[in-house]
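Here's the letter readout for the chains.
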Amino acid sequence: MRGENLPEVSVIGLGYIGLPTAAVIARSGMTVHGVDVSQTVVDTINRGEIHIEEVDLDGLVQGVVQRGLLRAGTEVRAADVFVIAVPTPFHKDDAHTPDTSYVLEAARNVAAVLKAGDTIILESTSPVGTTEAMRDMIAQARPDLKLPGMTDGIPDVSIAYCPERVLPGRILEELTNNDRSIGGITPRCARKALSFYKRFVRGTCVTTDARSAEMTKLVENAYRDVNIAFANELSIVSDAMGLDVWEVIRLANRHPRVNILTPGPGVGGHCIAVDPWFIVHGAPDQTPLIRTARGVNDSKIHHVIASAAELVEANPKARIACLGLAFKANIDDFRESPARLVAATLARRYGERVNIVEPYAMELPREFEGTGAQQIDIDTALEECDVMIVLVDHEVFKSVPLAERADKVVYDTRGIWPDQPAVAEPAVELRKAG
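Residues numbered from 1 in each chain as written. Predicted model: local features only at pLDDT ≥ 70, side-chain atom pairs only at ≥ 80, totals over all residues. Heavy atoms only, no water.

1. Side note on the sheet that holds strand E13 (residues 409–412)
The strand order across the open sheet built from five strands is E11-E10-E9-E12-E13, with neighbouring strands paired in parallel fashion. Here the strands that pair on one side only, and so sit at the sheet edges, are strand E11 (374–375) and E13. Here strand E9 (residues 320–323) pairs with strand E12 (residues 387–390) via four bridges, running parallel. Counted as the bridge partner of Ala321 is Met388 from E12. Each of E9, strand E10 (354–357) and E12 is contacted by helix H12 (residues 338–350), which is oriented at about 155 degrees to E10, the strand it contacts most. (Pairing = 2+ DSSP bridges. Helix = DSSP H or I, 4+ residues; strand = E, 2+ residues; numbered from the N terminus. Contact = heavy atoms within 4.5 Å. Axes fitted to C-alpha atoms, helices over the stretch in contact; angles between N-to-C directions.)

Right, dumping it as structure tokens:
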């Protein structure tokens, strides 16, 4: 211990969630040892630098590293609290089956250094039952320790699940201020984890059991997915009927009990586009709505590709600008991004006519290699391109005044330019597509 009330902490996984979490914990005065499989990531952090983009994260990491509160390495070391924040992707051989091998491998590494009195907390979004599976694996690796739920006496270690609830671009603020659901293998485990989180979380921390906490995280993202699916389906219907979906939503939302979300080119990111399948996998016969919503949001990507292609072919001599690759505005995260898929598909189809504008990318992703597509900035796009396909609502795109785009043919999948004038058919219908 670094003093009677300050546990030493190990954060395993230093990605989009793990690094901000480690930095926020260190800011509270606890010594943190971060662990990542990438030596490049480790070296970057130990220099006081960051490998991801997040508001104010660079200054925070620099500060806690300089104070000696955060160090990174590739090996798990002994600590008092272990926070696991590693990926839970799909299996490579099954697009919708969750792969918890990274979680279990992290827990196996933790097991090797565990001692009586330690706490292990899983933060990775996981299928229901993963925390218990992690406990069972630790029990096998360390038969000398009494594990919670497997002994009649007081267990030697505590195991809990506590998912993050953060929005990229606001991670540091939301890690601190958002409420947390803390699920323990036993109530005693939940209380032990609660005492840890209260050191750096200002939001309300609610304790529950591990399985309920796991399901809560999945439900939160599935709820968003289902509601976005309604908006995306409405945009497709509006296209078919020749309606402006943004006007329909604006008017419908004046009803005091209606709040339709904003449609887009699909759903991306490593949460909303992925987590609903974890529920479907656990209860395939009881989840027709969640499964359908996933299908609607995935099909919206293909609808956008088809509409954009029609627009491009209707303007055969025009240069094309695809605005945005990230899965949401003002971040550099391209995971599961529908914008990225749309732009790459158009690049493969129309080659050097296609230009990509992405202010949060230093270079184009690998799938653009050999297509002839080039990365340009927004000023060059406005000067040289005739067709603008808006795929991400970055602030820099929103700020473009009408005077600079009035003569452009625009397909706005994000509704950022409601004042864009209509153009001759067929672009007039496509401009207002959701």
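2. A few points about the pattern of salt bridges
Taken as a whole and assessed by the stated rule, the structure comprises 20 salt bridges. One salt bridge connects Glu49 with Arg47, and the closest N-O pair in it is separated by 3.2 Å. In this structure, Asp419 engages Arg405 in a salt bridge whose closest nitrogen and oxygen atoms are separated by 2.9 Å. Note that Asp419 is positioned in the loop between E13 and helix H15 (427–431) and Arg405 in the loop between helix H14 (395–398) and E13, a separation of 14 residues in sequence. Overall, the relative accessible area of 3% leaves Arg405 in the buried class. The network of salt bridges with common partners includes Asp80, Lys115 and Asp118. (Salt bridge = Lys/Arg side-chain N within 4 Å of Asp/Glu carboxyl O. Buried < 20%, exposed > 50% of the residue type's maximum accessible area, 1.4 Å probe, protein only.)

3. Things to note about the pairing of strand E1 (residues 9–12)
Both faces of E1 are covered, namely the face carrying Val9 and Val11 and the face carrying Ser10 and Ile12. The pairing of E1 with strand E2 (residues 32–35) spans four bridges and is classified as parallel. Its bridge partner lying in E2, Val11 is registered against Gly34. In this fold, E1 hands off to helix H1 (residues 18–27), which returns the chain to E2; that crossover is right-handed. Judged from the four bridges that link them, E1 and strand E4 (residues 81–84) form a sheet pairing that is parallel. The residue of E4 that forms the bridge with Ser10 is Phe82. (Right-handed = clockwise from strand over helix to strand, strands pointing away.)

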